[in-house]
Amino acid sequence: MRAVRFRDGEFTVGEVPDLPATGPGQVRIAVAACGICGSDLSVSKDACRFVEVARAGGYPLAEFDPDRPVVLGHEYAGVITEIGTGVTDFAVGDRVAGIGLATESDTGIPTIIGYSNTYHGAFGEAIVVDAYWVRRVPDTLRLDHATLAEPLHVGEMHVQQSQLTSADSALVIGCGTIGLGAIVAARAHGAKRVIASEPSPRRRELAALLGADIVVDPAEQDPIDVWHTLIAEDPVVGAAEGGILIAYECSGRAGILNELTHRMPFNSRIQVLAAGFAAETLTPVVPQFRRIAVNFGHGDYRDAYDITLDRLASGAIDAEAIITGRVGLDGVGDAFTALRSPEEHVKILVRPGLAAE
């Protein structure tokens, strides 16, 4: 099987050992496309730190041996080529996408494909995943567009967990794919106002396109100052009885949490969607003084992936506007380099069958 291997900071294309046999409850999928995720960028920056944090946090889903090659990629879509025993909801030839989890046959522990030395990710020709997390792609939706359901659904999940109501307003910090998903979800859940903060002009344009009422460049405007101005001047927001401001932190920027706990209004909430891997300094008494709740992903949510896939299929989300590049396997290394400076790109897709440009 041809795939892109990552090891010691380098991407190489070539033949890799085949995947484990398709086990009970699993399907094998020929990959049509896979998005490059922010977590993939974190691995490429420092794989040892990535694994160290996963182990220290007791998170086996993202543990692998960084001294051995891995094939990254979990934002996949493709076509089923093989079905394991016990799978009754799918057939060979089905167009599918989903969450990239596979249960290790020898341990019974699930792993995220791509963060495993055994279960290769989708920067290759095929993957094996648990069918429980797989969904059919509607006929109206292109497979490459369906890859966006995975990153965008994170926004839907966290907006549900934040318990946003129609009396509340949303402040989305960072407008990569996850931030854009938070904007879409906050708009769909009836937020009074959606404010987006993003330094990249291209991403600010997308934030407005996908539903943000106000988009600011944080180098020129403080988005929380913008919120206070809204409270003073906008009768709709100012009269939002019982409503609060909820910040959706999607940037992963160092120091942002401590900054937000000092600047957010009293009795507000912070929902963390994109967390950094470096240690942070936080003054806990400040959010306690200001009665600010910080949520890293706790709480109930329902059908976040399915809801997002339906939005893509209906055209409620402009998928093509979000996809800013497509590369074959030979272009993966350059794509990672481009995404580390996000002025031009938002989401680059890897298409294993696409000839190198």
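All values reported here derive from a predicted model rather than from experimental measurement. (Residues numbered from 1 in each chain as written. Predicted model: local features only at pLDDT ≥ 70, side-chain atom pairs only at ≥ 80, totals over all residues. Heavy atoms only, no water.)

> Just to check I follow, could you spell out the packing of helix H4 (residues 149-161) against helix H5 (residues 177-188) for this structure?
Packed helices, taken two at a time, are described by the angle their axes make and the gap between the axes. Direction vectors running N to C along H4 and H5 enclose 50 degrees, while the axes themselves pass 7 Å from each other. The orientation of H4 relative to H5 falls into the category oblique. Where H4 crosses over H5, the two elements pack in a sense that is right-handed. Side by side, H4 and H5 meet where Pro-151, Leu-152, Val-154, Gly-155, Glu-156 and Val-159 of the first sit next to Thr-177, Ile-178, Leu-180, Gly-181, Ala-182, Ala-185 and Ala-186 of the second. Partitioned by chemical class, the residues of the contact of H4 with H5 number 9 nonpolar, 3 polar and 1 charged. (Axes fitted to C-alpha atoms, helices over the stretch in contact; angles between N-to-C directions. Helix = DSSP H or I, 4+ residues; strand = E, 2+ residues; numbered from the N terminus. Parallel < 35°, antiparallel > 145°, perpendicular 65-115°, else oblique. Left-handed = near helix turned anticlockwise from the far one by under 90°. Contact = heavy atoms within 4.5 Å. Nonpolar A, V, L, I, M, F, W, Y, C, P; charged D, E, K, R; others polar.)

> What exactly am I supposed to notice about the nonpolar core here?
Within soluble globular proteins, side chains that are nonpolar tend to cluster in buried spots. In terms of nonpolar packing, the biggest core is built from 95 residues, with Leu-72, Phe-123, Leu-180, Ile-183, Tyr-248 and Ile-322 touching the most fellow members. Composition of this core by domain shows at least three residues from each of domain 1 (2-137 + 318-350) and domain 2 (152-295). Among residues more than four places away in sequence, those in contact with Ile-183 are Val-172, Cys-175, Val-194, Ala-196, Ala-207, Leu-210, Gly-211 and Ala-212. With 17 residues, the next largest nonpolar core counts Leu-171, Trp-227, Ala-247 and Leu-260 among its residues. (Core = buried A, V, L, I, M, F, W, Y, C linked by side-chain atoms within 4.5 Å. Buried < 20%, exposed > 50% of the residue type's maximum accessible area, 1.4 Å probe, protein only. Domains from an automatic or database assignment.)

> It is not clear to me how the layout of surface pockets should be interpreted in this structure. Could you clarify?
Sizing a probe to match a water molecule and rolling it over the atoms shows the empty space that remains. When its volume is computed, the second largest pocket comes out at roughly 190 Å³. Lining the second largest pocket are 14 residues; nearest its centre among them are Pro-60, Glu-63, Phe-64, Glu-104 and Thr-111. Of the residues assigned to the lining of the second largest pocket, the class counts are 5 nonpolar, 5 polar and 4 charged. (1 Å grid on protein atoms, 1.4 Å probe; cavity = no way out; pocket = protein on both sides within 12 Å on 5 of 7 lines; lining within 4 Å. Points joined across faces, edges and corners; volume = space filled by probe spheres on them.)

> Before we go on, may I ask you to explain H5 in this structure?
Each turn of an α-helix holds 3.6 residues, which means side chains three or four residues apart point in the same direction. Taking 1.5 Å per residue, 12 residues should reach 16 Å; H5 reaches 16 Å between its end C-alpha atoms and fits that length. Of all 12 residues in H5, 9 are buried, a share of seventy percent or more. Of the positions making up H5, those classed as buried are Thr-177, Gly-179, Leu-180, Gly-181, Ala-182, Ile-183, Val-184, Ala-185 and Ala-186. (Expected span 1.5 Å × (residues − 1).)

> Even after reading the chapter, I still don't get empty space enclosed by the protein, so can you show me in this structure?
One pass over the full model with this rule turns up 1 cavity of 30 Å³ or more. Space inside the largest cavity adds up to approximately 30 Å³. Residue lining of the largest cavity: Leu-152, Glu-156, Gly-181, Val-184, Ala-185, Thr-308, Arg-311 and Ile-317, and that is the complete set. Elements supplying a minimum of two residues to the lining of the largest cavity: H4, H5 and helix H11 (304-314). Sorting elements by how many residues they give to the lining of the largest cavity places H5 first, with 3 residues.

> Any chance you could explain helix H1 (residues 38-45) here in plain terms?
The complete set of buried residues in H1 reads Asp-40, Val-43 and Ser-44. The buried residues of H1 all sit within an arc of 95 degrees when viewed along its axis, so they share a single face. If you follow the buried residues of H1, they end up packed against strand S1 (2-7), strand S2 (10-15), strand S3 (26-35), helix H2 (47-56) and helix H13 (332-339). (Arc of directions from axis to C-beta.)

> Would you mind going over the domain arrangement of the protein with me for this structure?
A common way to state how big an interface is: give the accessible area lost once the parts meet. Taken domain by domain, the protein holds domain 1 (2-137 + 318-350) and domain 2 (152-295). Centre-to-centre separation of domain 1 and domain 2, based on C-alpha positions: 29 Å. Across the boundary between the two partners, domain 1 contributes 15 residues, which contact 14 residues of domain 2. Summing both sides of the interface, domain 1 and domain 2 together bury roughly 1,200 Å²; the carbon and sulfur share of this comes to 64%. Three residues, Ile-322, Glu-343 and Val-346, lead the burial of domain 1 against domain 2; their summed loss comes to 38% of the area buried on that side. At the junction of domain 1 with domain 2, the criterion picks out 0 salt bridges. Summed over the shared surface of domain 1 and domain 2, the result is 3 residue pairs in polar contact (both at pLDDT 80 or more). Counting only elements with at least two residues in the side of domain 1 that touches domain 2, the list comes to H2 and helix H12 (319-322). (Buried area = accessible area lost by both parts, 1.4 Å probe. Salt bridge = Lys/Arg side-chain N within 4 Å of Asp/Glu carboxyl O. Polar contact = N/O pair within 3.5 Å; in protein donor to acceptor, adjacent residues only side chain to side chain.)

> Sorry, what's going on with unusual backbone geometry here?
Most peptide bonds take the trans form, and the phi angle of most residues other than glycine is negative. Positive phi, close to 55 degrees, is recorded for Arg-291, a residue that is not glycine. The topology assignment puts Arg-291 in the loop between helix H10 (285-290) and strand S15 (293-295). The backbone of Asp-303 shows a phi angle near 55 degrees, a positive value even though the residue is not glycine. Structurally, Asp-303 is set in the loop between S15 and H11. Of the residues examined, Asp-303 reaches a relative accessible area of 47% and is grouped as partly exposed.

> How should I be thinking about the side chain of Ser-200 in this particular structure?
Tracing the backbone shows Ser-200 in the loop between strand S11 (194-197) and helix H6 (201-209). We classify Ser-200 as buried; its relative accessible area is 1%. Excluding residues that lie within four positions of it along the chain, Ser-200 makes contacts with Pro-342 and Glu-343.

> Is there a simple way to think about the pairing of strand S17 (residues 347-350) in this case?
On a regular strand, each side chain points to the face opposite its neighbour's, so the side chains alternate between the two faces of the sheet. Of the two faces of S17, the one carrying Lys-347 and Leu-349 and the one carrying Ile-348 and Val-350 are both buried. The sheet contact formed by S3 and S17 spans 2 bridges and is antiparallel. What sits directly across from Cys-34, in S17, is Val-350. In this sheet, S17 lies alongside strand S16 (residues 323-327) in parallel orientation, the contact comprising 4 bridges. From the neighbouring strand, Val-327 faces S17, where its bridge partner is Val-350. (Pairing = 2+ DSSP bridges.)

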